[in-house]
Structure formats: structure tokens, C-alpha cells
Amino acid sequence: MASTENSDALSQRLADSGLRSTPQREIIYRVLLKKRDHPTADEVFARVKTELPTISLATVYNCLDALVSCGLVRQVNQDRSATRFCSNMQPHHHFYCDECAGAYDIERLGHDAEPPVPMPKGFKPNRFEVTIRGLCPDCAARARR
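Residues numbered from 1 in each chain as written. Predicted model: local features only at pLDDT ≥ 70, side-chain atom pairs only at ≥ 80, totals over all residues. Heavy atoms only, no water.

A. Structural view of helix H3 (residues 41–51). If you check which residues of H3 are buried, you get Ala41, Val44 and Val48. The buried residues of H3 occupy an angular sector of 55° when projected down its axis, which confines them to one face. Residues of H3 that are buried in the fold lie against helix H2 (23–34), helix H4 (57–69) and strand S2 (84–86). (Buried < 20%, exposed > 50% of the residue type's maximum accessible area, 1.4 Å probe, protein only. Helix = DSSP H or I, 4+ residues; strand = E, 2+ residues; numbered from the N terminus. Arc of directions from axis to C-beta. Contact = heavy atoms within 4.5 Å.)

As C-alpha cells, this is what we get:
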């Protein structure tokens, strides 16, 4: 998606949620789309700081909250580590590397409408995400050496 299209989509989504588009929100959203590695708020702050040196960490948190509330970004939590932010809004699963703490998107196969595990009687899931843990390719290669 081109930068103008991203900006238009962002503006429309924010407006639909009763929020306005700001330069800070646009830059943060662009940073999240540019490198989809599930950064923490601190990592987003460091990346945005290169483009907008005067931005504060509080502003980054507020912008991330706005992007989450309007459905453009979602929070991804991994055990007790810092919340990460994912700009992939398509249904997908996650792989977490136990060594480097990286988070990776895993596409769903087909259109699995039901969880890949048997649900107890009476449970009706609305959405689900499978979490897989192990070593990413780089960490697995280092472990083999």
C-alpha cells in the first residue's frame, strides 16, 4: 500500500473512531507498517525519534493506544515481557523465539473458523490465536554451531 493510501486509511479509521489524524499518529503508523517485527513502545519511540526528535515517550504510548482503539494495530503480549504492537490485522498466529524474544507472524492455513483444538462443551470462541514457541531460524542456526 502506498504512503498516501496508508495515510488516507489511517485518517478514515481514526475519524470513524472519533479521533483525528495527527503527524505523530501518521509517523508511528508508518513505522509499524515499515518493519513488521512487533516492536515494543520503547522500540517504536526509538524509531520515531529519528524522524521526529521532539516526540515524547508518553506521546508514543498515547498514539499507540489510539491506533489500537481504532483497530489499525493490536497489542500482542508474550508472557511477562513488554507489550508489543502488531500492524497485521489479518487473522494469524504468532511464533515467539525463546532465545532472542522475537515475535513472528504465522499465516493461518485456509480460513480456519474453528480453533485447531477441541473446545469443551458449551464454549463458543469468537476468535483465537495459536502461540508457538521455540527458536527462530537465526537462533536455531546459532544453537547448531
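Here the narrative resumes, following the displayed structure.
B. Structural view of the nonpolar core. Of all hydrophobic cores here, the largest spans 21 residues; its most connected members are Ile28, Leu32, Val48 and Leu67. When residues of this core are traced back to their parent elements, those giving at least two are helix H1 (3–16), H2, H3 and H4. Broken down by element, the residue count for this core peaks at six residues, all from H2. Setting aside residues no more than four positions away along its own chain, leucine 67 makes contact with Leu10, Arg25, Ile28, Tyr29, Leu32, Leu72 and Val73. (Core = buried A, V, L, I, M, F, W, Y, C linked by side-chain atoms within 4.5 Å.)

C. Molecular detail of the side chain of threonine 40. Looking at the element boundaries, threonine 40 is found in the loop between H2 and H3. You can call threonine 40 buried: its relative accessible area is 12%. In contact with threonine 40, not counting residues within four places along its chain, are Ala82, Thr83, Arg84 and Phe85.

D. View of the pattern of salt bridges. All told, the structure shown has five salt bridges when counted by the stated rule. Close ionic contact of arginine 84 with glutamate 43 constitutes a salt bridge, the shortest N to O distance being 3.7 Å. You can see arginine 84 sitting in strand S2 and its partner glutamate 43 sitting in helix H3, a full 41 residues away along the chain. (Salt bridge = Lys/Arg side-chain N within 4 Å of Asp/Glu carboxyl O.)

Interpretation in functional terms is not warranted from these geometric data alone.
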